[in-house]
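Geometric and topological summary
Here is what each chain is made of, one letter per residue.
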Amino acid sequence: MAERYDPAELDRKWQRLWEKAGTAVVDTARGENGFYMLNMFPYPSGSRLHVGHGRNYILGDALFRRQRMAGRRVLNPMGWDAFGLPAENAAIASGVHPREYTLGNIGRMKEQLRGLGLLYDWSKELASCDPAYYRWNQWLFLRMWERGLAYRKTAPVNWCPGCRTVLANEQVVDGRCERSGDAVEIRDLTQWFFRITDYAERLLAGLEALDWPERVKTMQRNWIGRSEGAEVFFRVEALAEPISVFTTRPDTLFGATFIALAPEHPAAARLAERSPRRAGIEAFIERVRRESRLEREAEGGEKEGVDTGVSALNPMTGEPIPVWLANFVLPDYGTGAIMGVPAHDQRDFEFARRYGLPVRPVYRIAGEDPDPAAMTAAVPHGGVLFGSADWDGAENGPEAIRRAIAGIEEKGVGRGRVGYRLRDWLISRQRYWGTPIPAIHCPSCGVVPVPDEDLPVLLPEDVAFQGAEGNPLEQSEAFVATTCPRCGGPARRETDTMDTFVDSSWYYLRFLNPQDDRQMVDAGRAAAWMPVNQYVGGIEHAILHLLYARFVCRVMKDLGLVALEEPFARLFNQGMITRLNPATGKVEKMSKSRGNTVSPDELIARFGADTLRVYTLFIGPPEKESEWSEEGVSGAWRFLQRVHDACTRVEAIRPGASGEPDADTPLRRFEHRTIQRVTEDADRFHFHTAIAALMEFQRAITEALDEGIETPATVVSAAQTLVTLLHPIAPHLTEELWERLGGRPFLLDAAWPSFDPELATPERVTLVVQVNGKVRARLDVERGAAEGDAVALARADEKVRPWIDGKEISRAVYVPDRLLNLVVR
RNA sequence: GCGAAAGUGGCGGAACUGGUAGACGCGCAGGUCUCAGAAGCCUGUGGGUAACACCGUGAGGGUUCGAGUCCCUCCUUUCGCACCA
């Protein structure tokens, strides 16, 4: 072999040629035979990508190339989720404008993606920080505002002291900011929200039909948290309005021995005012409200409460029960008030035990736990047999609940209701680097929308970032000072910007018409290309991005902008790449902060992008997490060497290859079996087993060359098939070899080979012979051998004979082409 | 605590529907080439045995001619949920 495989040169050469020829550019005005492949667009961070990041892009690129070779017009765009706090924090630290910082990162990241041989339709590139993009955030916001889907309210919200902004519920994990890890505080602020709760039922129902990982769907179901129950009104002596509680167990209403309000409940302060123990109650309210979310929701946290001294009347019996304030009642779920049924609810029971409140089992509900007798003994007041003749006989469970709701509604003291855990999406952020919310505060007209013709509301430039505290937007008098579009008087501009998840909730639609300045989306193209056929990204977006995108897509449908409800038909979550951390001795997620990353740059310099791609795909099933190993990479490198060497030898015999390949030879059969294996494996994303099949095929070709039995035409055909099947995995080397084997560029436009099922099956098979279920011999037989022949062969086999001699074969189980089990006594 | 997924050689993993357990790769051992090494290349590689037998898919039971795969009990790990009334 003359020349060695020089990846550095090949990588550069083919990356240039692909780009120059625009091989990945798709005209989205034409929709026929389209396939929309999408990787979640990345945040352009300041640090270099590591090999753990590469996994989902390499997988996406392999899927893209595979679909293209199947003859589809595949749209595979890339863009940038370019707004966000890291850029602004960098600006505050160094003074560089967030835009400059972000654009610099985009440039570097793009080069890195190119270096991996990833092929995107860059003519569709977009960045969410571009006014041409974010003006449509503002436009959509105004449409939502018109319909009451965007609104402002004062509410207790999550405040992250580290990020100095409010957060959505979805961004708070275990009481901490999912970005910075700071404990989140609760503050009363006036903020902008999107009314996602109006869509709770549709978001839940839509999950059914999606081809998504079950665990993602489960997470979304849990987050939406639907529960059926009833709202029940309790009259309170001191108040004009009754207090409404939400319960999923209206069947236990007769067992309610108290009601409890969240300290934030509007009625709480009014009740305190009337109480002789006012000071104590107000102190309690103040104390609970000051607690952070972390403290308040801490596991095993003591349930605490205070008696308002006021009574409420059980609507079914008219019996007075005390009204308490309790820290475990959440202000923003249900009605912010509960009925306490200690006999049938663990939390209520703990609370009752602590404060000596009665526990009253509802006896007529059969099979309820805990055991009423035991509880009666455990509490001072004792249980009282109580129930209702109306509800008697109803089995505990849905039927009892249904009847209870009917009884409550009949009496006019409540109604059936569905509760959701989902809260409205808080989209305000007190930061600069985001989409300005298009609203103006006028002292006489109130909060007024910016007229459409004044869009986009641009971010101001006269802002000093270095060392800035608070929201940098507030610094710009030119931005803030404006006139009211309604009355023309002086007014102040809204300085909150939008959560960056607004940007990412519709970008997949914008890739279809990224330069269109007349409309947000192109309904015709959306009809042709949406939903995204295959979406690939990390599990960390299981709730946040994926729920918001499903919501916004539905809003856009209701606004008549598109005709679809679900943006992503199929979702794939790649597993993380882990690596042994020498510092801790543990296998951990690969990350910069842990210091266990591997840079693709050095690997590419040494082995080329294809080796990195082969190893990344070979490391394990892509949906599982996989451990990176330095030595493993060399296996991928050696494989590509052997492919290169084999094809170089084939190239040398090519001039002698005339005519068609032989119809049926061992290599020919190997070729067809490999096509079948690789096709099936690639289509379930299992490139690791596809690579294993290709390794075996390469060895078969090398052996055929060594032995010289196969005709040149047959060998050339095999080698061409090898590089074609390997192309989605190792595009640069295969492109080069393809050309040298007589193919015309580009492989992306070459047809994926098809297999003949007859040839893909071996002619002779190994028949396993078992005696009483234990393997005793392996026979090489013709495919399709008859049972009688197989038994005869087995009985005559010298390895089998000792096990059956002198015994009677009572039964023979024969699985053609696989196994013969002789059962002897 | 509740729910889901997983547990296979020294390591990553394969076996998709019950039918040859360990494909493929790493590592390791021996060989080849070389003055020597590196890189290649070839051979071997679950435990066990002289060779068989035998033992082997987290543990224990079960179903079956036959179980990594199905059922039951338990252990471990990972992930999700967890005052949501």
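Structural data are supplied above this passage.
Below, the structure is looked at part by part. Computed from a predicted structure; not experimentally measured.

1. As for the protein's contact with RNA strand B
- In the neighbourhood of RNA strand B, 50 residues make up the surrounding shell, with Thr-248, Lys-303, Tyr-333, Arg-347 and Arg-421 lying closest.
- Within the backbone of Thr-248, an N or O atom sits 2.3 Å from a sugar or linking oxygen of RNA strand B.
- Measuring from a base oxygen of RNA strand B, one finds a side-chain N or O atom of Lys-303 at 2.5 Å.
- Looking at the surface near RNA strand B, the elements with two or more residues in it are helix 7 (214-224), strand 9 (243-247), helix 21 (630-653), helix 23 (687-707), strand 27 (764-771), strand 28 (774-782), strand 29 (809-815) and strand 30 (819-824).
- Here the surface near RNA strand B takes six residues from helix 23, the largest share from any one element.

2. Section: the sheet that holds strand 17 (residues 439-442)
- Read across the open sheet, the four strands follow the order 18-17-20-19; overall the sheet is antiparallel. Only two strands of the sheet have a single partner each, and these edge strands are strand 18 (446-449) and strand 19 (481-483). Averaged over all pairs of adjacent strands, the angle between their axes in this sheet comes to 45°, without regard to strand direction.
- Pairing of strand 17 with strand 20 (residues 490-493), which is carried by two bridges, proceeds in the antiparallel orientation.

3. Notes on the environment of Ala-777
- Among the secondary structure elements, Ala-777 is positioned in strand 28.
- Exposure remark for Ala-777: the relative accessible area of 4% places this residue in the buried category.
- Sequence spacing of Ala-777 and Leu-820 is 43 residues, and the spatial spacing of their C-alpha atoms is 9.9 Å.
- The contacts of Ala-777, once residues within four sequence positions are left out, are Leu-767, Val-768, Val-769, Asp-797, Lys-799 and Val-800.

4. Remarks on the pairing of strand 30
- Of the strand pairs in this sheet, strand 27 and strand 30 are connected by four bridges, and their pairing is parallel. Paired with Val-771 across the strands is Leu-822, a residue of strand 30.
- Sheet topology note: the strand 29/strand 30 ladder contains six bridges and is antiparallel. For Tyr-814, the partnering residue across the bridge sits in strand 30 and is Leu-820.
- The hairpin turn running from strand 29 into strand 30, its antiparallel successor, is three residues long, and Asp-817 in that turn takes a positive phi close to 65°.

5. Regarding the pairing of strand 11 (residues 305-313)
- As paired elements, strand 8 (residues 227-236) and strand 11 share two bridges and run antiparallel to each other. Note that in strand 11 the partner of Arg-235 across the bridge is Leu-313.
- Sheet topology note: the strand 11/strand 12 (residues 320-326) ladder contains six bridges and is antiparallel. Counted as the bridge partner of Ala-312 is Ile-321 from strand 12.
- Between strand 11 and strand 12, which follow one another and run antiparallel, lie six residues, and Gly-318 among them has a positive phi close to 75°.

6. Description of helix 8 (residues 266-274)
- Turning to helix 8, its buried residues are Ala-267, Ala-268, Leu-271 and Ala-272. The buried side chains of helix 8 occupy one side of the element, clustering within an arc of 140° when seen end-on. Residues Pro-266 and Arg-274 are exposed on helix 8 and point more than 90 degrees away from its buried face.
- Those residues of helix 8 that are buried lie in contact with strand 8, strand 9, strand 10 (258-261), helix 9 (278-290), strand 11 and strand 12.

Thresholds, definitions, all that
- Residues numbered from 1 in each chain as written.
- Chains lettered and ligands numbered in written order.
- Predicted model: local features only at pLDDT ≥ 70, side-chain atom pairs only at ≥ 80, totals over all residues.
- Heavy atoms only, no water.
- Near = heavy atom within 4 Å.
- Polar contact = N/O pair within 3.5 Å; in protein donor to acceptor, adjacent residues only side chain to side chain.
- Helix = DSSP H or I, 4+ residues; strand = E, 2+ residues; numbered from the N terminus.
- Pairing = 2+ DSSP bridges.
- Axes fitted to C-alpha atoms, helices over the stretch in contact; angles between N-to-C directions.
- Buried < 20%, exposed > 50% of the residue type's maximum accessible area, 1.4 Å probe, protein only.
- Contact = heavy atoms within 4.5 Å.
- Arc of directions from axis to C-beta.

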